[in-house]
Structures are given as structure tokens and as C-alpha cells.
Amino acid sequence: MVGGGQLARMTHEAGIPLGLKFKLLSDTPQDSAAQVVNEVVVGDYRDLDTLRAFARGCDVITFDHEHVPTEHLRALEADGIPVRPGPDALVHAQDKGVMRARLTEMGVPCPRHRLVADPADVAAFAAEGDGFPVILKTVRGGYDGKGVWVVRSEEDAAEPFQAGVPVLAEEKVDFVRELAANIVRSPHGQAVAYPVVESIQVGGVCDTVIAPAPGLSEEMAGEAQRTALAIGAELGVVGHLAVELFETRDGRILVNELAMRPHNSGHWTQDGSITSQFANHVRAVLDLPLGDPRPRAPWTVMCNVLGGDFPDMYQAYLHCMARDPQLKIHMYGKDVKPGRKVGHVNTYGDDLADVRERARHAADYLRGTITE
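First, a word on scope: everything that follows refers to the structure included in this document. (Residues numbered from 1 in each chain as written. Predicted model: local features only at pLDDT ≥ 70, side-chain atom pairs only at ≥ 80, totals over all residues. Heavy atoms only, no water.)

Along the chain, the regular secondary structure elements total 11 helices and 15 strands. At 20 Å, the chain has a C-alpha radius of gyration in line with the 21 Å of a compact globule built from 372 residues. Projected onto its principal axes, the C-alpha coordinates of the chain cover approximately 55 × 50 × 40 Å. When each of the 372 residues of the chain is scored for burial, the buried share is 55%. Excluding contacts between residues fewer than 6 apart, the proportion of contacts in the chain whose partners are at least 24 apart in sequence is 61%. Averaging the positions of the 37 positive and the 52 negative side-chain charges in the chain gives two centres separated by 3 Å. (Helix = DSSP H or I, 4+ residues; strand = E, 2+ residues; numbered from the N terminus. Rg over C-alpha atoms; globule rule 2.2 N^0.38 Å. Buried < 20%, exposed > 50% of the residue type's maximum accessible area, 1.4 Å probe, protein only. Contact = heavy atoms within 4.5 Å. Lys, Arg positive; Asp, Glu negative; His and termini not counted. Charge placed at Lys NZ, Arg CZ, Asp CG, Glu CD.)

All right, on to the sheet that holds strand E3 (residues 113-116) then. Strand order in this open sheet of four strands is E3-E6-E4-E5, and the pairing throughout is antiparallel. Taken across any chain shown, the strands that pair with only one partner, and hence form the sheet edges, are E3 and strand E5 (148-151). Between one strand and the next, the sheet's axes are offset by a mean angle of 30 degrees, whatever the strand orientation. Sheet topology note: the E3/strand E6 (residues 167-171) ladder contains four bridges and is antiparallel. From the neighbouring strand, histidine 113 faces E6, where its bridge partner is glutamate 170. Along the sheet, helix H6 (residues 119-128) makes contact with E3, strand E4 (134-138), E5 and E6, crossing E3 at roughly 160 degrees. (Pairing = 2+ DSSP bridges. Axes fitted to C-alpha atoms, helices over the stretch in contact; angles between N-to-C directions.)

Its 16 residues place the ends of helix H11 (residues 352-367) 23 Å apart at the C-alpha level, agreeing with the 22 Å of an ideal helix rising 1.5 Å per residue. What H11 keeps buried is the set Leu352, Val355, Arg358, Ala359, His361, Ala362, Ala363, Asp364, Tyr365 and Leu366. For H11, the elements touching its buried residues are strand E10 (205-211), strand E13 (299-306), helix H10 (313-323), strand E14 (328-331) and strand E15 (341-349). Two to three positions downstream of the cap, the backbone nitrogen of alanine 353 sits 3.3 Å from a side-chain oxygen, assigning the N-cap of H11 to aspartate 351. Remark: glycine 368 follows H11 within two positions and exhibits a positive phi of approximately 100 degrees. (Expected span 1.5 Å × (residues − 1). Polar contact = N/O pair within 3.5 Å; in protein donor to acceptor, adjacent residues only side chain to side chain.)

This brings us to the state of the cysteines. Taken as a whole and judged by the stated rule, the model has zero disulfides. Summary of cysteine pairing: cysteine 320 is not part of a disulfide, and the nearest cysteine sulfur, belonging to cysteine 303, is at 12 Å. (Disulfide = S-S within 2.5 Å.)

Next up on the list: the nonpolar core. Val2, Ile231, Val255, Leu258 and Met260 are the most contacted members of the largest nonpolar core, which has 41 residues in total. Every element with two or more residues in this core is listed here: helix H2 (48-55), helix H3 (70-78), helix H4 (87-94), helix H5 (96-106), strand E7 (175-185), helix H7 (218-235), strand E11 (239-248) and strand E12 (253-259). No other element matches H7, which puts six residues into this core. Excluding residues within four positions of it along the chain, valine 255 makes contact with Arg100, Leu103, Val108, Pro109, Cys110, Pro111, Thr227, Ile231, Val243, Glu244 and Leu245. Core analysis: the second largest hydrophobic core is formed by 19 residues, Val301, Ile329, Met331 and Ala363 among them. (Core = buried A, V, L, I, M, F, W, Y, C linked by side-chain atoms within 4.5 Å.)

The next subject is the packing of helix H1 (residues 6-15) against helix H9 (residues 277-285). Contact geometry of H1 with H9 gives a least axis separation of 8 Å together with a crossing angle of 75 degrees. Classed by the angle they form, the pair H1 and H9 counts as roughly perpendicular. Here Leu7, Met10, Thr11, Ala14 and Gly15 of H1 come into contact with H9, specifically with Phe278, Ala279, His281 and Val282. In the contact of H1 with H9, the residues fall into six nonpolar, three polar and no charged. (Parallel < 35°, antiparallel > 145°, perpendicular 65-115°, else oblique. Nonpolar A, V, L, I, M, F, W, Y, C, P; charged D, E, K, R; others polar.)

So, on to the pairing of strand E1 (residues 23-26). Side chains Lys23 and Leu25 project from E1 onto one buried face, and the interleaved Leu24 and Ser26 project onto a second face that is buried too. Judged from the four bridges that link them, E1 and strand E2 (residues 39-42) form a sheet pairing that is parallel. Directly across from serine 26, in E2, lies its bridge partner valine 42.

With respect to the helices and strands, the residue glutamine 277 is situated in helix H9. Separated by 17 residues in sequence, glutamine 277 and arginine 294 place their C-alpha atoms 11 Å apart.

When you tally the buried positions in E15, you get eight out of nine residues, the bulk of the element. The sheet contact formed by E13 and E15 spans eight bridges and is antiparallel. When the bridges of E15 are listed, cysteine 303 appears paired with valine 345. Direction of pairing for E14 relative to E15: antiparallel, over a ladder of four bridges.

Another aspect to go through is the packing of H3 against H4. Packing of H3 against H4 brings their axes to within 10 Å, and their N-to-C directions diverge by 165 degrees. By the criterion of interaxial angle, the relationship of H3 to H4 is roughly antiparallel. Classified by chirality, the crossing of H4 by H3 is right-handed. Of the residues in H4, those in contact with Thr70, Leu73, Arg74 and Glu77 of H3 are Pro87, Asp88, Leu90, Val91 and Gln94. Of the residues belonging to the contact of H3 with H4, the class tally is four nonpolar, two polar and three charged. (Left-handed = near helix turned anticlockwise from the far one by under 90°.)

Next up on the list: the packing of aromatic side chains. This structure, assessed with the given rule, holds two aromatic pairs. With 4.7 Å between their ring centres and 20 degrees between their planes, phenylalanine 175 and phenylalanine 246 make a pair best called stacked. Separated by 71 residues along the polypeptide, phenylalanine 175 in strand E7 and phenylalanine 246 in strand E11 bring together distant segments of the chain. (Phe/Tyr/Trp six-rings, centres within 6.5 Å; stacked < 30°, edge-to-face > 60°.)

Structural data, given as C-alpha cells:
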């Protein structure tokens, strides 16, 4: 697996029951996954020679992020190394311009968009629609709100162009909430779809995920799952695909982003599904039959634990575990820094209000936001 973050750490955990030998290319020995994987290579994933040396002896390569240069992945495939997902699929998660063009060609509903050259072009894009504000995104490299700007005038639009990379303009969608449709697809074409979830963002970072999305009609949930499955099949995705969606006020679903790896909106599956996103990603990458994605309980809630001013996790564990014996805590082995994702909690049960309160309390206590 290329990338040593928490996604790699949890994917490795899912592979342990299968007896997999897991090899990791990590930026540093302190990365989340590097702390627990036996065979760790420390190196730069942007260097082709490093990637080739790492790939020797591997049966298959997969990723915990989308940042490996596309041309490097093509070189690995030319060397005979299976890359999953492959570069022809992964480029649609790496490059927002490529993604928007391909989805539009497929007839998938998306926000109005186009590539823009400068602030004056942004103003022209705004004038073609409902005016400002509009969303500007760098086509590559953005995540967790980075590389995304809400601009309210031509003067506000200067900053995104300073990086010297292409910029995509999109309409600011009037949405009710954000949803995510998670699927997993294998090389032989088998695919499974998880329940569509509601994803609640705070400051551009995922805060809470509710599975399934409360009040979502069966028709709209089915449309979201069918859209995700169609995208996976059309792009030739192998492994986990997260399709982030807007539910609009006028009753539509629009595709916002794609991620071709295990995803924060699927962390609830670790404890809330018969087969987690991580276990199914491993199965797909190895071309094994996929596992059952159905939920174990009527409701599951995931809350991210962000770093605060409370690094003493042992004392927090005492409180949280005593208060809620059914609580599931997943920490990533990261140093606690304000605002940094250091873990998540999962709760599940029959009553949504109770499940949400339990998850929120645990996440806030682990962060130190509350102390009782």
C-alpha cells in the first residue's frame, strides 16, 4: 500500500485475519500505518525509482491517497505490476477537471462548472449563472477543504491562481445536506453498495456520518447507489469508491467529489456493517468474492475525534468506556494537535437520537471539549 496514513493502518488491520503480508511505502517511520505494519519502506511516492523498488515482489499495489503521479502508475503497469485502482480510473479522483468532463459525458448530474483562466474569467463564469458567490477548486491536490475557495467577487478570486495550477469554477449549490454513496468493485466486475449516508462537515472537515441518511427516500437512495455503481463500472474502478453528493433543495442529487480508496464516510462500516469498507477493499484488490455490506443495526453514527488540548487518552478511555460499554473507539497513533484527525468513534443501536448523543459525547470527551 502506498501511503502511511490511518486509511492504510485500518486496511492493514482488515487484512490480518486473511494472513496477508502487507508492505507499506510511508513518508516517515512515525506515520499512522508505519507504526503497526511489519514491512515498511520509507520513501517519496513521487519518485519513480522509489516506487519501482518498492513494487518489486508485490502481488498488487493499492493506495491510501490519490496523489501518486498518474504517469508513475502507468510505468508500474508497464512493468507488470497490478495497480488497483488503475491509473485510467484513479485519474478521475486525482484531477477534478478530468472527473467533471467524464461525468458530464456520462450524463451524471453535477454542479455547473468549467475551467477558468483568471479572476476575470471567474467573473464571466459567475455572470453566466446566478452570479457570485462561486466555488473555485485547484484541479489537483485538494482534500479536507484545502484547495477550495468560496469567492464573492472578482477581487476575491486572485488567490487560487497563485499556485500556477489549473482552477475549476463551480456553481455554489443550494443544498440541504451532503450525502455519500460508498461502493466496492472487484476486477471481475462484482460490486456491492453500502447504505447511503449523511455526511456532516464542519470547517471543510468531516465531523459526523449517519448511516443510513435519515429521512432519505428509497427512491433517492436507490438513485445515489445506482449512480455510484455506474460510475465505478464506467471508470473501471477496482476497490472502494466513495461518491460524495449534494442533496439539493429542489430534490436533485448532484455528484460533488470522487475518492478511490477507503473513505471517512465509510468508517462507520468497521462496526456497523457485516463487512467493512476496509475488508471489502482488501477483497477487491485481491479479486476475492466481496462481503455482505448490509448494516448490523438500524442506525450507526461515526464521529471524528479531532485533536485538542487533552492528550491524556488513557483517562479519557476510562470515562468513555465506563459510560458506554458498546462504544467503539478507533485511534490512529497520531500526536495530538489542535484540529488534526486523531481517531473516530462508532456507535450503533435502535434509536437514532441516542446513538448520535453517545457518539457526540465520546468524540467531544476524547477531544477535551467536555470534561464530564
